[in-house]
Protein chains: 2
Amino acid sequence: MHFIIQRDKFVQSVQHVNKAVSSRTTIPILTGIKLEVTSDGVTLTGSDSDISIESFIPAADEEKEYVEVKKEGSIVLQARFFADIVKKLPGDDIEVMVQDQFATTLRSGSVVFNLNGLDPEEYPQLPKLDESRTFRLPQNLLKDMIRQTVFAVSNQETRPVLTGVNMEIENGILTCTATDSHRLAMRKAITESTTENLTISNVVIPGKSLNELSKILDDTDDLVDIVVTGSQILFQFKHLLFFSRLLDGKYPVTKNMIPEQAKTQIELPTKELLHSLERALLLSKEAKNNVINLKTLEGDVLEVTSISSEVGKVTEKIHCHQVEGEELRISFNGKNIMDALKVIDSEMVHIMFTGAMSPFILRPTDHDQMLHLFSPVRTY
Amino acid sequence: MHFIIQRDKFVQSVQHVNKAVSSRTTIPILTGIKLEVTSDGVTLTGSDSDISIESFIPAADEEKEYVEVKKEGSIVLQARFFADIVKKLPGDDIEVMVQDQFATTLRSGSVVFNLNGLDPEEYPQLPKLDESRTFRLPQNLLKDMIRQTVFAVSNQETRPVLTGVNMEIENGILTCTATDSHRLAMRKAITESTTENLTISNVVIPGKSLNELSKILDDTDDLVDIVVTGSQILFQFKHLLFFSRLLDGKYPVTKNMIPEQAKTQIELPTKELLHSLERALLLSKEAKNNVINLKTLEGDVLEVTSISSEVGKVTEKIHCHQVEGEELRISFNGKNIMDALKVIDSEMVHIMFTGAMSPFILRPTDHDQMLHLFSPVRTY
């Protein structure tokens, strides 16, 4: 194998595939990044067996030549060193050459690295997916949907299926849901599908995979093709493939958990509630339970309180846009509400309570594509 | 105690004194910040008994009123909560009021915090220092001198005196020295003294104190008054006092450690050597010894190499501005050299070698106020 490649392109690709590489893998070859060179260009692969990322750098496109291929071939290089090395090489180009016994030379400017490579034949093949169930989303929308749901997944391994985000498609609507059984985040979007009447359910993607995917997603509306099979999902960009395994198990049916009738309804500015909870949580961080108490008062006023027997007490009054229905006193995990408020981009939120002991709903006021559900906390 | 204070001023003062507060103190009252109010203004104090910081907010100055004092008095509030709370209060002003049993109310906008305070009588008094030995430095120069020496202190408690920076004044020249016995950093500056013919020696300030002080220092040339006594040092700014205890023990005499005759001399750009060492250290991080090898070649060229038996080898050639004297092969701890290069603001450095087994000197080429000394590493 022997090629010369434009440094910036190479660095970016290495950084992308390196996101899938874990130093804690039990499969030694997966500590490496695989490089494969053909006359078409260079393909890089990183994997921790849950997530696999493949990045392709074409030899040339309409605009420019990126790679000068001198000899085809492949090699696996230790990700930990290789990724740092290419980032710090001084020249505009990097020459990569494999000699006997996988000994690899990287040359750039007046710098030469001689690295011990690994046998590329040992590197596992990425799965070939059946593309019959495929849909499409703009990158920025997919990034938003991940940000607005993934924070609510469970971090407990007792119910593994809850550590993922569930995807469903019905009538052209994609719904992403995450819940740790105390709170639930749901986000909907219209999707374009290449398959007619595509219906998908119980496609549960590990939260960790989505967090890594999110780092690769740009803020553009370029479309991502999403291919779903029984055990894998593939996100397909221009020159980049992102594979994740799916979680086994039946995702809970969440539709009928959502109350429809409200006893008390509140409308108030997102930021005001967020900042008020931040202050109230300063004291409850001592107690570690994050319990915040809420009370409606006369004149559209909401009282937020939090008590720590050791440190003291905080009381805050918020003037709401609107308070409607029955008087209310309720306690909840303030951190959960804060997490949800942080991902809501709308200026105002609407909260729908169904009594002090029942779950309540938080939504932005300006669209109905998002919903957050919370269980209250019993305080005696 | 009862006063109303401008929020921004208060937040800044709290943040300053909070730098001295440690949550790991064994003296419970020192987990708090002391507030003392007189008709002149508000004084805040934080301390971990090694470092103490006192900040004063005047009731008013020529420009403006900062504090409305309603009743004099004092209180100690838990730093951990108090510092976060004042930062997050919503109003422009904060009202602070102490009632019975040290119960304290903070009020700002529509937010009320009731905090359990501590008895201010228990808080230790700061030392009153004899100001007979006082000198002066601009803040930005003091900040530079700290940055350019403190990184070289020892982090081993086996010789406690080496964990500090030694200050000496002779003939109006202040010299700061730090060494961990493998490397030494020295920085000189002309100082102004209020005492005639002030001579100071063996004033060893803990590195930790200087790191905290550095965070408070601004990039202005406002003068800092520095008061030295047998066991304490005081840095005196407008409205701020920073006390640190001094380290006991005799600081080693470093003057005669510095070689005067060179066998090989090199001059090269600071950044080029820095980047080259960064690359070479990528491989030695595996071995954890940071050993880098240097060799002079024909034509003012320097060869930098580093070898890791597991990962591979790196070789780099640097074109120097000048290489003079005997041929040289030497090995050293590359991380130590890198640390020094990072604090040198000059474009070019000059290295003076006295043989493969002797200490060598690194200096900027454009002034003689700074010197770095390193021991080589023996490699077989």
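This one's a predicted model, so the numbers in the text were calculated from it and none came from an experiment. (Residues numbered from 1 in each chain as written. Chains lettered and ligands numbered in written order. Predicted model: local features only at pLDDT ≥ 70, side-chain atom pairs only at ≥ 80, totals over all residues. Heavy atoms only, no water.)

Draft legend 1. Main features of the overall build of chain A. Of regular secondary structure, chain A possesses six helices and 27 strands. On the principal axes, the C-alpha backbone points of chain A span a range of 80 × 55 × 40 Å. Expressed as a percentage of the 380 residues in chain A, the buried residues total 54%. Residue pairs in contact within chain A that sit at least 24 positions apart in sequence constitute 67% of those at least 6 positions apart. Roughly 17,900 Å² of accessible area belongs to chain A as shown, and the carbon and sulfur atoms make up 45% of that amount. Charged side chains in chain A number 40 positive and 54 negative. The centres of these two groups are separated by 6 Å. (Helix = DSSP H or I, 4+ residues; strand = E, 2+ residues; numbered from the N terminus. Buried < 20%, exposed > 50% of the residue type's maximum accessible area, 1.4 Å probe, protein only. Contact = heavy atoms within 4.5 Å. Areas by Shrake-Rupley, 256 points an atom, 1.4 Å probe, with all protein chains shown as cover. Lys, Arg positive; Asp, Glu negative; His and termini not counted. Charge placed at Lys NZ, Arg CZ, Asp CG, Glu CD.)

Draft legend 2. Here's a closer look at the UniProt feature "domain: DNA polymerase III beta sliding clamp central" (unreviewed entry) in chain A. What UniProt calls "domain: DNA polymerase III beta sliding clamp central" (unreviewed entry) maps, in this numbering, to residues 137-252 of chain A. Along residues 137-252 of chain A the backbone is 16% helical and 44% strand, and the end-to-end C-alpha distance reaches 25 Å. (UniProt positions renumbered as here; feature names shortened; annotations may be inferred.)

Draft legend 3. The packing of aromatic side chains, seen in detail. Residue and element names in this part refer to chain A. The final tally for this structure, using the stated rule, is twelve aromatic pairs over all chains. Aromatic pair Phe-3 and Phe-10: ring centres 6.0 Å apart, planes at 80°, arrangement edge-to-face. Considering the side-chain rings of Phe-360 and Phe-374, the 5.6 Å spacing of their centres and the 35° angle between planes classify their relative orientation as tilted. Here the residue Phe-360 occupies a position in strand β26 (residues 360-364), and Phe-374 occupies one in strand β27 (residues 370-374), the gap between them amounting to 14 residues. (Phe/Tyr/Trp six-rings, centres within 6.5 Å; stacked < 30°, edge-to-face > 60°.)

Draft legend 4. Here's a closer look at helix α2 (residues 79-88) of chain A. α2 of chain A sits mainly inside the fold: seven of its ten residues count as buried. Looking at α2 of chain A, one finds that the buried residues are Ala-79, Phe-81, Phe-82, Ala-83, Asp-84, Ile-85 and Val-86 of chain A.

Draft legend 5. Examining the pattern of salt bridges more closely. Residue and element names in this part refer to chain A. Going through the model one piece at a time under the given rule, you end up with 35 salt bridges over all chains. Linking Glu-192 and Arg-136 is a salt bridge whose minimum nitrogen-to-oxygen distance equals 3.8 Å. Linking Glu-192 in strand β14 (residues 192-193) with Arg-136 in strand β10 (residues 134-138), this pair joins segments that are 56 residues apart in sequence. A relative accessible area of 45% places Glu-192 in the partly exposed class. Its relative accessible area of 26% is what places Arg-136 among the partly exposed residues. Salt bridges sharing common partners tie together Asp-180, Arg-183, Lys-335 and Asp-339. (Salt bridge = Lys/Arg side-chain N within 4 Å of Asp/Glu carboxyl O.)

Draft legend 6. Representation of the packing of helix α1 (residues 7-18) of chain A against α2 of chain A in the model. Residue and element names in this part refer to chain A. For the pair α1 and α2, interaxial distance at closest approach is 9 Å and the crossing angle is 150°. What the angle tells us is that α1 and α2 run roughly antiparallel. Where α1 crosses over α2, the two elements pack in a sense that is left-handed. Facing α1, whose interface residues are Arg-7, Phe-10, Val-11, Val-14, Gln-15 and Asn-18, α2 presents Ala-79, Phe-82, Ala-83, Val-86 and Lys-87. Of the residues contributing to the contact of α1 with α2, the split by class is seven nonpolar, two polar and two charged. (Axes fitted to C-alpha atoms, helices over the stretch in contact; angles between N-to-C directions. Parallel < 35°, antiparallel > 145°, perpendicular 65-115°, else oblique. Left-handed = near helix turned anticlockwise from the far one by under 90°. Nonpolar A, V, L, I, M, F, W, Y, C, P; charged D, E, K, R; others polar.)

Draft legend 7. Structural detail: a negative patch on the surface. Residue and element names in this part refer to chain A. Taken together, the side chains of Asp-218, Asp-219, Asp-221 and Asp-222 define an acidic patch exposed on the protein surface. Along the chain, the position of Asp-219 falls in the loop between α4 (207-216) and β16 (223-228). For Asp-219, a relative accessible area of 65% gives the class exposed. (Patch = residues over 30% accessible without salt bridge, like charges linked within 9 Å, V, L, I, M, F, W, Y side chains within 5 Å.)

Draft legend 8. Looking closely at helix α1 (residues 7-18) of chain B. The terminal C-alpha atoms of α1 of chain B, which comprises twelve residues, lie 16 Å apart, in line with the 16 Å expected from a rise of 1.5 Å per residue. Residues Arg-7, Phe-10, Val-11, Ser-13, Val-14, His-16 and Val-17 of chain B constitute the buried set of α1 of chain B. (Expected span 1.5 Å × (residues − 1).)

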